[in-house]
Amino acid sequence: MLTGRVIRAIGGFFYVEPLGEAFTSVECFVRGKMKLSAETILVGDQVTYFMENGKGVITGIIERLNVLKRPYIANVNLLVLVFAFQNPKPNEILITKFLVLAEQSRIPLLLVLNKTDLVSEAEIGQLSGKLRQYGYQVICTSVVTNQGKSELLSALNGKVTVFAGPSGVGKSALLNMIAPGFKLQTGAVSQKIGRGKHTTREVQLYRINANSYVADTPGFTQIAFEGIAPEKLKEFFPDFREYNSICRFKGCIHLAEPDCGVKQAVENGVISRQRYEAYLNLLAEIRQNWKNRYR
Ligand code: GDP
Ligand code: ZN
């Protein structure tokens, strides 16, 4: 029995790359008689198969690590959340919202701050320092100067990665930087299947080396909060976590409760006021949504 990863699914066929083997893909399908249904197989799945007349017959799906909904893909090891220093320059609220969305996926997160070529060293230090203080790993990049390229590549090593973030920050440009054949390949694929330029393509994984893949479709690019309960919001602020335990009440949402560890940390300057205010801002929005929906 052979094992491989599904990198593309089109019209009942699955393109599977044998594990550890460089840059070959096998066209596979699911036989009707088998218990396995084609609908249950996702891009990103690791499958077992055997060869028959030059094609692969899929026999099973190896247990999944996780499933991301947008793009619909299995076994994602890393979410790269991209912001730009400039064009568009993010504000605290936007950053907070994207961070919460990313945290919600429960996938390990890496922040990439792109377009360093457009700002000063001081500005680079300010934003990257702040986000590191929130507890995130940060890589600063520029597609123009190639800054951060090797650091980014090594962060993706051995992983299946999805890029996400607001539009215009340079997600496509970064993908092209780390995988130069990327654009060509996806272009060739959409031509082959005869789809219009503006039709949404199925997600595809692109192999950047023997054991690393990136998805050619970005994760969330817009902010949409689907049903976060107000009291759960704090879970998506990793930098608040160590102070949660100090709060007098277990269900403290760090708003008006007495003896709140997070509010104390803000008073002491360990959590920045800006960060806390972004939390309050989002909390208000989520409480409003929650009221409208569940009233
Ligand atoms: P996406 O919407 O996140 O995929 O963003 P794109 O990759 O389409 O990039 C948006 C614009 O930013 C394009 O005009 C890119 O050429 C430009 N861009 C991307 N990365 C950089 C960078 O590092 N520096 C500069 N100056 N421009 C960049
Ligand atoms: Zn509290």
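Residues numbered from 1 in each chain as written. Chains lettered and ligands numbered in written order. Predicted model: local features only at pLDDT ≥ 70, side-chain atom pairs only at ≥ 80, totals over all residues. Heavy atoms only, no water.

Along its length, the chain carries eight helices and 13 strands. Dimensions along the principal axes, computed over C-alpha positions, put the chain at roughly 70 × 45 × 35 Å. Within the span of the chain, comprising 295 residues, buried residues form 47% of the whole. The long-range fraction of contacts in the chain, counting pairs at least 24 apart against all pairs at least 6 apart in sequence, stands at 65%. Just so you have it, the chain exposes about 14,900 Å², and 51% of that area is on carbon and sulfur atoms. (Helix = DSSP H or I, 4+ residues; strand = E, 2+ residues; numbered from the N terminus. Buried < 20%, exposed > 50% of the residue type's maximum accessible area, 1.4 Å probe, protein only. Contact = heavy atoms within 4.5 Å. Areas by Shrake-Rupley, 256 points an atom, 1.4 Å probe, with all protein chains shown as cover.)

This part takes up the site of ligand 1. In the vicinity of ligand 1 lie 15 residues, with Asp117, Val143, Gly168, Lys171 and Ser172 positioned nearest. Contacts to ligand 1 include lysine 115, whose side-chain N or O atom sits 2.9 Å from an oxygen atom. Measuring from an oxygen atom of ligand 1, one finds a backbone N or O atom of alanine 173 at 2.9 Å. Protein contact buries 65% of the 580 Å² of open area that ligand 1 shows by itself. No other element matches the three residues that helix α4 (residues 171–178) contributes to the shell around ligand 1. Here the residues of the shell around ligand 1 are counted per class, giving six nonpolar, six polar and three charged. (Near = heavy atom within 4 Å. Polar contact = N/O pair within 3.5 Å; in protein donor to acceptor, adjacent residues only side chain to side chain. Nonpolar A, V, L, I, M, F, W, Y, C, P; charged D, E, K, R; others polar.)

Of all residues in the chain, 91% attain a pLDDT of 70 or more, and the chain-wide mean is 89. The low-confidence segment residues 184–200 (pLDDT under 50) makes 13 contacts with residues lying over four places distant or belonging to another chain. (pLDDT = per-residue confidence, 0-100.)

On inspection of all chains with the given rule, the structure shows 12 salt bridges. In this structure, the salt-bridge partner of glutamate 52 is arginine 31, at a minimum N-O distance of 2.4 Å. Of this pair, glutamate 52 sits in strand β4 (residues 46–52) while arginine 31 sits in the loop between β3 (26–29) and β4, placing them 21 residues apart in sequence. For glutamate 52, a relative accessible area of 32% corresponds to the partly exposed category. (Salt bridge = Lys/Arg side-chain N within 4 Å of Asp/Glu carboxyl O.)

This next bit is on the environment of proline 230. Mapped onto the elements of the fold, proline 230 is located in the loop between β13 (212–215) and α6 (241–244). Each C-alpha atom, one on proline 230 and one on aspartate 216, is 33 Å from the other, the two residues being 14 residues apart in sequence.

We now examine the nonpolar core. Formed by 67 residues in total, the largest nonpolar core has its most connected members in Ile58, Ile73, Leu81, Leu99, Leu131 and Leu233. Ranked by the residues each element gives to this core, the list is headed by helix α1 (residues 92–104), at six residues. Val80, Ala155, Leu175 and Val214 belong to the second-largest nonpolar core, a separate cluster that totals 20 residues. (Core = buried A, V, L, I, M, F, W, Y, C linked by side-chain atoms within 4.5 Å.)

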